[in-house]
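Single-letter residue listing:
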Amino acid sequence: MNVSHSNEPRTLTDAERFDWLRLARSENVGPITFFALLARFGTPAAVLDALPALARRGGRRRPIKVCARAIAERELEALAALGGRLIALGEPVYPQALAAIDDPPPVLALRGRMDLLANECIAVVGARNASANGLHVAERLAADLGAAGLTVVSGMARGIDARAHAGALPTGTVAVMGGGVDVLYPKENGALFERLLAEGTVAAEAPLGTVPMGRHFPRRNRIISGLSRGVVIVEGAARSGSLITARLALEQGREVMAVPGSPLDPRASGPNRLIRQGATLVENADHVLEALAEGGRQVLSEPRQYWPVDAALGTSEDDDAPTNARESVVALLGPSPVPVDMLVRQSRLTPAVVATILLELELAGRLERQPGNRVSLSQPAA
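Residues numbered from 1 in each chain as written. Predicted model: local features only at pLDDT ≥ 70, side-chain atom pairs only at ≥ 80, totals over all residues. Heavy atoms only, no water.

Comments concerning the overall build of the protein
The following threshold applies: Strands are runs of DSSP state E lasting at least 2 residues, helices are runs of H or I lasting at least 4, and numbering of each runs from the N terminus. Working definition: with a 1.4 Å probe on protein chains only, accessible area under 20% of the residue-type maximum means buried, over 50% means exposed, and in between means partly exposed. With residues, only the protein chains shown are counted as cover, and all accessible areas are computed by Shrake-Rupley using a 1.4 Å probe.
Helix and strand counts for the protein come out as 17 helices and twelve strands. In the protein, which comprises 382 residues, the share counted as buried stands at 53%. A total accessible area of about 16,800 Å² is found for the protein, and carbon and sulfur atoms account for 52% of it.

Following this line, the structure appears as structure tokens:
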């Protein structure tokens, strides 16, 4: 099967949206795999039918968990009852900046105002245990950036995130949750959460009912930076989540800015380190606006290939790839990440065959995707 897709946005039908949700909620189907499978098979419905066989070819011994129709129906019904909406990449309402990253969420749940994501966004994030000065700076910065016409994005955490949301509420702010859009976290932000639902936007990639855990926050952070033209760090330790967001922003081609602090305060070590490494030093909204103007608008104006994988993947030759081809690819893999193009060269197989084998291994739970189009072998087949 050779499938081609258009770059033109379009609104999904209810049936298509249902299938997109089922595929996104199926086991071992991450964002990159989602679009690789869609490029190969053409529609989520066709992918859902093919998942069991693909996982078996990858070495999986127990059946892969394909999201049941009843589970997807309950999620959509519950989201609608909350006044929410599920949007998919490639639809006109999906944020263009987020669509431009390497691993955009296939589906995104939204509550509150649906218009804010159409605006240009700026992220303001920082320490949970912030200082009084840091909290003041974050709130003032967010308020001034909102007044300048930007939508402020943050992660709803206590400290800097919460204060940034509070400062930007009058003009519009987006909270990206680590869990579901129906799960308040942390509990102390209850009043802020209610105001966000009424005056701002709450967004999440995770299913409804998901209680955030540590492993969820890097995935949330890539959405915070992905939505934004730039990221401003206001306090944060050298190994904090804020620094992860900054790293992701750099990988996504976003502007990285930091508010300097006292070298005597460990909460300033993260921003100060970023500035030493080349991040733009900012002290107020005017500095941020200047940095964005100098950076230009390339991030938001680049054309987006909504199906970002070679559409020629799905050929009968790929489906019938010999066993020794799979064995040779597995033999080249290990726990250390390796670039996919290196696998192609060293295996002497076609890119399409290697891509197919990697998909099968990932669906079998044996492969992990790493930044920079690299892959590594994980556990043996389940």
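Quick word on the environment of Gly-236
Quick reminder of the rule: Here, two residues are considered to be in contact whenever any of their heavy atoms come within 4.5 Å of each other.
Among the structural elements, Gly-236 can be located in the loop between β7 (230-234) and α10 (241-251). For the pair formed by Gly-236 and Asn-129, sequence separation is 107 residues and the distance between their alpha carbons is 8.6 Å. Excluding residues that lie within four positions of it along the chain, Gly-236 makes contacts with Ala-127, Leu-243, Pro-266, Arg-267, Ala-268, Ser-269, Gly-270 and Pro-271.

Brief notes about the side chain of Glu-205
What counts, and what does not: As used in this structure description, the phrase polar contact means that two N or O atoms lie within 3.5 Å; if the pair is within protein, one of them must be able to donate a hydrogen and the other to accept it, and residues adjacent in sequence are counted only when both atoms belong to side chains.
Tracing the sequence through the fold places Glu-205 in the loop between β6 (201-204) and α9 (216-227). A polar contact is formed between the side chain of Glu-205 and the side chain of Arg-219, at a distance of 3.0 Å. Polar contacts involving the side chain of Glu-205 include one to the side chain of Arg-222, which spans 2.9 Å. Setting aside residues up to four positions removed in sequence, Glu-205 forms contacts with Arg-25, Pro-31, Pro-105, Pro-106, Val-107, Leu-108, Arg-219, Arg-222 and Ile-223.

Structural notes on the pairing of strand β12 (residues 374-377)
Consecutive side chains of a regular strand alternate in pointing toward one face of the sheet and then the other. Put simply, the rule is: Pairing between two strands is assigned when DSSP locates at least 2 bridges connecting them.
Pairing geometry for strand β10 (residues 338-339) and β12, over two bridges, is antiparallel. Looking at β12, one finds that Pro-339 is bridged to Arg-374. Of the strand pairs in this sheet, strand β11 (residues 367-370) and β12 are connected by four bridges, and their pairing is antiparallel. What sits directly across from Leu-367, in β12, is Leu-377. What sits between β11 and β12 in their antiparallel hairpin is a turn of three residues, with Gly-372 showing a positive phi close to 80°.

Some points on unusual backbone geometry
Geometrically, the link from Tyr-185 to Pro-186 is a cis peptide bond, its omega value of -5° lying close to zero. As for its position among the elements, Pro-186 is in the loop between β5 (173-176) and α8 (190-199). If you check the backbone angles, Asn-28 has positive phi at about 65° while not being a glycine. Locating Asn-28 in the fold gives a position in the loop between α1 (14-24) and α2 (31-41). The phi dihedral of Arg-348 falls on the positive side, at around 60°, and the residue is not glycine. Considering the arrangement of structural elements, one finds Arg-348 in the loop between α16 (340-347) and α17 (351-363).

Focus on the nonpolar core
Our working rule: Buried Ala, Val, Leu, Ile, Met, Phe, Trp, Tyr and Cys residues that are joined via side-chain atoms within 4.5 Å together make up what is termed a nonpolar core.
Counting 71 residues, the largest nonpolar core has Trp-20, Phe-34, Leu-37, Leu-51, Met-156, Leu-227 and Leu-363 as the members making the most contacts within it. In this structure, Ala-138, Ala-164, Val-234 and Val-282 belong to the second largest nonpolar core, which totals 22 residues.

Quick word on the side chain of His-216
For His-216, the location among the structural elements is in helix α9. On the basis of relative accessible area, His-216 is assigned to the buried category, the value being 16%. Excluding residues that lie within four positions of it along the chain, His-216 makes contacts with Gly-178, Thr-210 and Val-211.

Looking at the sheet that holds β12
Either a parallel or an antiparallel arrangement is found when strands of a sheet pair, and the pairing is made through backbone hydrogen bonds. Across the sheet, three strands lie side by side as β10-β12-β11; this open sheet has antiparallel pairing. Whereas interior strands pair on both sides, the edge strands pair on one side only; in this sheet they are β10 and β11.

Observations concerning the packing of α1 against helix α3 (residues 44-57)
Note the cut-off: Only C-alpha atoms enter the line fits that serve as axes; for helices the fit covers just the stretch in contact. Angles between N-to-C directions range over 0 to 180 degrees. By the definition used in this description, the sense in which the near helix is turned from the far one sets the handedness, with an anticlockwise turn below a right angle giving left-handed and a clockwise turn giving right-handed. Note on residue categories: nonpolar means Ala, Val, Leu, Ile, Met, Phe, Trp, Tyr, Cys or Pro, charged means Asp, Glu, Lys or Arg, and polar means any other residue, Gly included.
At their nearest, the axes of α1 and α3 sit 8 Å apart, and the two run at 35° to each other. As α1 runs across α3, the sense of the crossing is left-handed. Packed against α1, whose contacting residues are Asp-19, Trp-20, Arg-22 and Leu-23, the element α3 presents Pro-44, Ala-45, Val-47, Leu-48 and Leu-51 at the interface. When grouped by side-chain class, the residues that make up the contact of α1 with α3 number seven nonpolar, no polar and two charged.

A closer look at the pairing of strand β2 (residues 107-112)
Burial analysis of β2 places five of its six residues in the buried class, the great majority of the element. Bridging between β2 and β6 involves four bridges; their strand directions are antiparallel. Bridge pairing in β6 links Ala-109 to Ala-204.

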